[in-house]
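Here's the letter readout for the chains.
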Amino acid sequence: MAEAIKLTPMMKQYMEVKERCRDKILFFRLGDFYEMFFEDALTVSRELDLTLTGRAGGNKEKVPMCGVPFHSADTYIERLVQKGYKVAVCEQMEDPKAAKGIVKREIIKVITPGTITMEHAVAAKQNNYLACMTASAASVSFVLADVTTGECWWQVCDTDGWESIVGDMVSVYAPRELLLGSLTAAQKDGIRKILQQREGNCVLTEPDIRTDVDYEAVGTQYFTVEMMAAAKAASYCLGLLLSYVTEVMKCDISYFHTLEPLQQEQRLVLDAACLHHLEITRNVRDGGRKGTLLAVLDHTCTAMGGRLLRKWLETPLLSGTQIMRRQEGVAELVQHSVLRKDVTDILEKIYDFERILTRIETGTVSPKDYVALRESLGVLPTLKQALQQVTSPILRDLIAAVHTHDEVYDLLCRSIKEVPGQVIRNGGVIREGFSSELDEIRRIGANSKEFLQELEAKERERTGIKMKIGYTKVFGYYFEISHANTKPVPEYYIRKQTLVNAERYITPALKEFEVKVLTAQERMLALEYALYGEVRQRIQTHIHDMQETARALAQLDCLHSLAVAAQENRYIRPQLNGERQIRIVDGRHPIMEHYVKNALFVPNDVVLNHDTHEILIITGPNMAGKSTYMRQVAVLVLMTQIGSFIPAREASICPVDRIFTRIGATDDILTGQSTFMMEMEEVSHILQYATQNSLLILDEIGRGTSTFDGMSIARAVIEYCLKKVHALTLFATHYHELTDMSTMSKKIKNYTVAVKERGRDITFLRRIIPGGADRSYGLHVARLAGLPEGLLKRAEVILQELETAEHRPCQVSPSEKRDTVGAEGLFANPVLTRLLEVDINGLTPIEAISFLYALQKEAKEGSGVG
Ligand code: ADP
Ligand code: MG
């Protein structure tokens, strides 16, 4: 930066302000522009493609400068914040015309990715999260907030193992900004690493921590005693976050209204891996919405409903009573198509007034927002009317919670024009009849011409002198009388100016009019602004009530959305059972059935219970449909637990406490970082946290390593599930050798995917049937894939040779032997002896892995490989 000594006074002021917001881009108000200088100018011109100019700053060289017109600054700020920058806005605090010396300037607000409230900067049907993390010796706290809606969520976890929980939160909620509170250097590194591994762009901020603030008490200003009591362990973290928000936004945030735990006991816990694999809210391909369960179920009409539906999918219910309550609401809307249609029509007219309320509270509300709020409130009586006859308790409660807010509606009708001006600064917003004072001023403006004509006529008549009224910028209004017409003028005429051929006069009446007209415009704008603020203040007192209405509308919209989805896709209402079993007849995959267009999607049944069907081992060739089937079961259970209907003919489902998914390495294409190590970490995580009330989807475990390793681990995992976990488990594998495990326990059942074999060709029937596959069908699949016929013939010969070979120990199929280097040598080797001797049942999965590693190392050394 330039040497401070030679700076102009203005640049000196700039440097002082910039010193206070080094990590932000400073929008420095200069007349009709916001200017940026130095680094900021370079950054902004590059990022927003704006022209870089220079300004004399006191030194010989010009200072890099870049500017945007003040009235369109918001769009530039939005774009910068979206790119992850923080922006500080520095305003002129006095009228430059009136100021002596340099104009006083101050930072009036700061906009960061986590605190932005501008309408276009945040996705309508998605929350915009700001997160905060703090730690004490005993625990780590994590708080999420959405500044645009006034909601907060919290979570506390142990100091060890926080990485996986916080990592999950970061993946699931993708906060735009994360505040690092009191953390150790190691914890800060940890969180940086977590962020690097996940997609999305999250900005890290280290907020000032002040010693004179009792952060634990900050939350009590906004939330109820009960909410605060529940969140006690996270209250410091919450206080830090809220203090940051107030400081940055520089406004009252009393619109904050909700504080809930992120993971509740009464909720089905889904981790990031599960949401990812099942494509609940983001698809595996590009993280987008297309091809997700959300996209299938989302028929919400309002942004508020859209955001809530996503939340429902991320945190499904656990309690049968609560699920049933939602089901009843959905059922009623499914049955009454006229009612459903009415609700759609009405909800479509409702704007995102939850966020408008926030803009009212934070003082950034636009005239357009008021119109949107007015139109939204205007349809509420019709909505209440339409839903008058509903009988399900949930709909009755919701409709009771929707208030019509007549007072606010009436105020908006009276105060805001039908089509108001875009910005209050330019006026034209307040409706006629709302303020007699404003009407009067406007009349002066509108009637000034008439008034002048009348005045002129009156004076001519009174004096009998020919005169005309004129105006100049310097002298204002005057009566001009030419010398030819000069007669003595009345004494209230004051001479103003003498021209070559005329005299100019003013009169008290004309002067008074002049003052009125000239100040009218200014006064009109000031008065409109004041009235606008008054309207805002009056509405502010109703914000909490209106938030309640917004919440009720969001829920109604979600139920309505599920009803529309149910009706359009022929879903049925699943029964709930408390017998810890899952039974689905002719279930379909809700996402896949949309995409398998040319061929029909083949429905499938499932039975899971703890007596005879606790673990289902599903074998079958690649591409047969195993993964789809298992995900389908998980997705249907999840749908049931948000209260949705499901694609099936019949179903009885017991709510589960967690759904875990482990999807094999080769299927995990998105991240591309799915090493065998990661696979094993996931398995270990699942086995640690799964309970007997969980649902486990284990797909191709062990695929990420060699056949021997893989199959041993797969076996050991199944045994562990059987003996220790007792969860309902679906286990797909292409190791058809694992089917013999069903002899171990009556709880294990074999299933396979039906294939029709005709000579060398096979057709996948996509139907899951009892029984196990007796071979891999690898060559058949290769033929389907179009490998050259000559190659396939040769492969058949090799296969036959291998199958007639004598050694078939350890259930390793001949076809598998081919990918074990030096297999023949191995069998005569001490490695084999050790393998045969080990008691697999007595090994934990982790022990099994290390055993295998050792074994493999030995084998490689023995055979000279590696
Ligand atoms: P696997 O896991 O056995 O290798 P997938 O479950 O990945 O097989 O399924 C492979 C393909 O088969 C899917 O992409 C889909 O197109 C098709 N498929 C799977 N299940 C069905 C079904 N029930 N009905 C119709 N097509 C299906
Ligand atoms: Mg698969």
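Starting from 1, residues in each chain are numbered consecutively following that chain's sequence as written. To read the labels, note that chains go from A and ligands from 1, taken in the order they are written. Reporting in this predicted model follows two pLDDT cut-offs: at least 70 for local features of residues, and 80 or more for side-chain atom pairs to be given and counted; totals over whole chains, interfaces and linings ignore these cut-offs and use all residues. As a rule here, side-chain values come from all non-hydrogen atoms in the structure, and water together with hydrogens is ignored.

A.B. asks: Looking at this structure, how should I read the nonpolar core?
C.D. replies: Generally speaking, soluble globular proteins have nonpolar side chains that are buried together. Counting residues in hydrophobic clusters, the biggest one holds 182 residues, and the most contacted among them are Phe37, Leu242, Phe256, Leu297, Phe353, Ile659 and Leu695. Only runs of H or I of at least four residues qualify as helices and only runs of E of at least two qualify as strands under DSSP, and these elements are numbered from the N terminus. A per-element tally of this core places helix H20 (residues 543-569) first, with 13 residues. The contact definition used throughout considers only heavy atoms, calling two residues in contact when any of these lie within 4.5 Å. Setting aside residues up to four positions removed in sequence, Phe353 forms contacts with Met304, Leu373, Ser376, Met546, Thr549, Ala550 and Leu553. Here, the term nonpolar core denotes a set of buried Ala, Val, Leu, Ile, Met, Phe, Trp, Tyr and Cys residues that are joined through side-chain atoms within 4.5 Å. When a residue's accessible area, from a 1.4 Å probe over protein chains only, is under 20% of the maximum for its type it is buried; when over 50% it is exposed; and in between it is partly exposed. Counting 34 residues, the second-largest nonpolar core is a separate cluster that includes Val717, Ala727, Leu738 and Ile849.

A.B. asks: Any chance you could explain helix H23 (residues 676-689) here in plain terms?
C.D. replies: For an α-helix, 3.6 residues make a turn, and residues three or four places apart therefore share a direction. An ideal rise of 1.5 Å per residue puts 20 Å on 14 residues; H23 measures up with 20 Å between its terminal C-alpha atoms. Within H23 the residues assigned to the buried category are Phe676, Glu679, Met680, Glu682, Val683, Ile686 and Leu687. Considered in projection along H23, the buried side chains sweep an arc of 160° and stay on one side of the axis. Within H23, the exposed residues directed more than 90 degrees away from the buried face are Met677 and Gln688. The length a helix should cover is 1.5 Å for every residue beyond the first. Starting at the helix axis, one direction is taken to each C-beta atom, and the arc is that of these directions.

A.B. asks: Any chance you could explain helix H16 (residues 393-401) here in plain terms?
C.D. replies: Among the residues of H16, Ile394, Leu395, Leu398, Ile399 and Ala401 are the ones counted as buried. Within H16, the buried residues cover an arc of 160° as seen down the axis, which keeps them to one side. Looking at the packing, one finds that the buried side of H16 touches helix H12 (320-335), helix H15 (367-386) and H20.

A.B. asks: So what exactly am I meant to see when it comes to the pairing of strand E23 (residues 658-663) here?
C.D. replies: One face of the sheet, then the other: side chains in a regular strand alternate in exactly this way. Most of E23 is tucked away: 6 of the 6 residues are buried. Here E23 shows a buried face lined by Arg658, Phe660 and Arg662 and a second buried face lined by Ile659, Thr661 and Ile663.

A.B. asks: Explain the UniProt feature "domain: DNA mismatch repair proteins mutS family" (unreviewed entry) in the protein here, please?
C.D. replies: UniProt positions are given in the numbering used here, feature names are shortened, and annotations may be inferred rather than shown by experiment. When the UniProt feature table is mapped to this numbering, "domain: DNA mismatch repair proteins mutS family" (unreviewed entry) covers residues 694-710. As annotated, residues 694-710 comprises 24% helix and 29% strand, and the C-alpha atoms at either end are separated by 24 Å.

A.B. asks: Any chance you could explain the site of ligand 1 here in plain terms?
C.D. replies: Looking at ligand 1, there are 13 residues lining it, with Val602, Met623, Lys626, Ser627 and Thr628 nearest. Contact distances for ligand 1 include 3.0 Å between an oxygen atom and a side-chain N or O atom of Arg766. Note on residue classes: Ala, Val, Leu, Ile, Met, Phe, Trp, Tyr, Cys and Pro are nonpolar, Asp, Glu, Lys and Arg are charged, and everything else, Gly too, is polar. Residue composition of the shell around ligand 1, grouped by class: 7 nonpolar, 4 polar and 2 charged. For this purpose, a residue is taken to be near a molecule or strand whenever a single non-hydrogen atom of the residue falls within 4 Å of it. Counting of polar contacts relies on pairs of N or O atoms within 3.5 Å, with two restrictions inside protein: one atom must be capable of donating a hydrogen and the other of accepting it, and residues adjacent in sequence are counted only when both atoms are side-chain atoms.

A.B. asks: Explain the pattern of salt bridges to me, please; I cannot follow it from the model alone.
C.D. replies: Between side chains of opposite charge, a pair can form when the charged atoms approach closely. Salt bridge criterion: a side-chain nitrogen from Lys or Arg within 4 Å of a carboxyl oxygen from Asp or Glu. Tallied over the full model, the rule gives 40 salt bridges. Between Arg29 and Glu91 there is a salt bridge; the shortest N-O distance is 3.1 Å. Here Glu91 lies in strand E5 (residues 87-92) and Arg29 lies in strand E1 (residues 25-30), a separation of 62 residues in the sequence. In this pair, the class of Arg29 matches that of Glu91, namely buried. Because the salt bridges share partners, they merge into one network encompassing Lys417, Glu432, Arg442 and Glu528.

A.B. asks: Hey, could you run me through empty space enclosed by the protein in this one?
C.D. replies: Gaps between atoms show up when a probe of the same size as a water molecule is rolled over them. Cavity means a closed set of points on a 1 Å grid over the protein atoms alone, one where a 1.4 Å probe fits but cannot get out, pocket means an open set with protein on both sides within 12 Å along at least 5 of 7 lines, and lining means a residue has an atom within 4 Å of a point. Grid points are joined across faces, edges and corners, and a volume is the space filled by probe spheres set on the points. In total, this model carries 3 cavities of 30 Å³ or more according to the counting rule given. Of the voids in this model, the largest cavity is the one considered here, and its volume is about 140 Å³. Every residue lining the largest cavity is counted, 14 residues in all, and those nearest its centre are Tyr173, Gln263, Leu270, Glu314 and Thr315. Elements with a minimum of two residues in the lining of the largest cavity: helix H4 (162-173) and strand E13 (269-270). The dominant element in the lining of the largest cavity, judged by the number of residues it contributes, is H4, at 4 residues. The volume enclosed by the second largest cavity comes to roughly 50 Å³. If you go around the second largest cavity, the residues you meet are Arg580, His610, Cys654, Pro655, Val656, Gln692, Asn693 and Leu728. Split by residue class, the lining of the second largest cavity holds 4 nonpolar, 3 polar and 1 charged.

A.B. asks: I keep staring at unusual backbone geometry and nothing clicks. Help me out?
C.D. replies: Trans is the common state for peptide bonds, and a negative phi is the common state for residues other than glycine. Of note in the backbone geometry, Glu279 takes a positive phi value of approximately 55° without being a glycine. Tracing the sequence through the fold places Glu279 in the loop between helix H9 (272-277) and helix H10 (293-297).

A.B. asks: Help me out: how do you make sense of the pairing of strand E26 (residues 748-758) in this one?
C.D. replies: With 5 bridges joining them, strand E21 (residues 615-619) and E26 adopt parallel strand pairing. When the bridges of E26 are listed, Ile617 appears paired with Asn750. Strand pairing is defined by DSSP finding a minimum of two bridges between the two strands. Across 7 bridges, E26 lies against strand E27 (residues 761-770) in antiparallel orientation. Bridging across to E27, Val755 finds its partner in Phe764.

A.B. asks: I tried to follow the sheet that holds strand E20 (residues 604-608) on my own but got confused; where do I start?
C.D. replies: Spatially, E18-E22-E19-E20 is the arrangement adopted by the 4 strands of the open sheet, whose pairing is mixed. Strands at the two margins of the open sheet, each flanked by one partner only, are strand E18 (575-576) and E20. As a rule, the C-alpha atoms of each element are fitted with a line to give its axis, helices using only the stretch in contact, and angles between N-to-C directions run from 0 to 180 degrees. Sheet contacts for helix H22 (residues 626-641): E18, strand E19 (582-587), E20 and strand E22 (650-653); angle to E20, the most-contacted strand, approximately 70°.

A.B. asks: Got a minute to help me understand the sheet that holds E21 in this structure?
C.D. replies: Through backbone hydrogen bonds, the strands of a sheet pair up, either in parallel or in antiparallel fashion. Across the sheet, which stays open at both edges, the 7 strands sit in the order E13-E23-E24-E25-E21-E26-E27 with mixed pairing between neighbours. Here the strands that pair on one side only, and so sit at the sheet edges, are E13 and E27. The pairing of E23 with strand E24 (residues 695-699) spans 5 bridges and is parallel. Within E24, the position partnered with Phe660 by the bridge is Leu696.

A.B. asks: I keep staring at the packing of aromatic side chains and nothing clicks. Help me out?
C.D. replies: Given two aromatic rings, their pairing is described by the distance between the two centres and the angle made by the two planes. Geometry of aromatic contacts follows a simple scheme: Phe, Tyr and Trp rings, the Trp one being its six-membered ring, pair when their centres are within 6.5 Å, and the pair is stacked under 30 degrees between planes, edge-to-face over 60, tilted otherwise. Per the stated rule, a full pass over the model turns up 17 aromatic pairs. Ring centres of Tyr129 and Trp153 lie 5.7 Å apart, and the angle between their planes is 80°; this geometry places the pair in the edge-to-face category. Of this pair, Tyr129 sits in strand E7 (residues 129-135) while Trp153 sits in strand E9 (residues 151-158), and the two are 24 residues apart along the sequence. Judged by its relative accessible area of 6%, Trp153 falls in the buried class.

A.B. asks: How do you make sense of the UniProt feature "binding site: ATP" (unreviewed entry) in the protein when you look at a structure like this?
C.D. replies: According to UniProt, the feature "binding site: ATP" (unreviewed entry) maps to Gly620, Pro621, Asn622, Met623, Ala624, Gly625, Lys626 and Ser627 in the numbering used here. Here Ala624 shows up in the loop between E21 and H22. Take Ala624: its relative accessible area is 0%, and that puts it in the buried class. Setting aside residues no more than four positions away along its own chain, Ala624 makes contact with Val753, Phe764 and Arg766.

A.B. asks: Teacher, can you tell me more about the side chain of Arg105 here?
C.D. replies: In this structure, Arg105 sits in strand E6 (residues 105-111). Buried and unpaired, Arg105 has Glu91 as its nearest opposite-charge partner, separated by 7.5 Å. Separated by 2.7 Å, the side chain of Arg105 and the backbone oxygen of Arg29 make a polar contact. A polar side-chain atom of Arg105 sits 3.4 Å from a polar atom in the side chain of Gln92. When neighbours within four sequence positions are excluded, Arg105 is seen to be in contact with Met10, Gln13, Phe28, Arg29, Leu30, Cys90, Glu91, Gln92 and Met93. When charges are counted, neither His nor the chain ends are considered; positive counts come from Lys and Arg and negative counts from Asp and Glu.

A.B. asks: Mind showing me how you'd approach the environment of Glu328 here?
C.D. replies: Its place among the elements puts Glu328 in helix H12. Placed 66 residues apart in sequence, Glu328 and Ile394 show a C-alpha to C-alpha distance of 7.5 Å. Residue contacts for Glu328: discarding those within four places in its chain leaves Ser392, Pro393 and Arg573.

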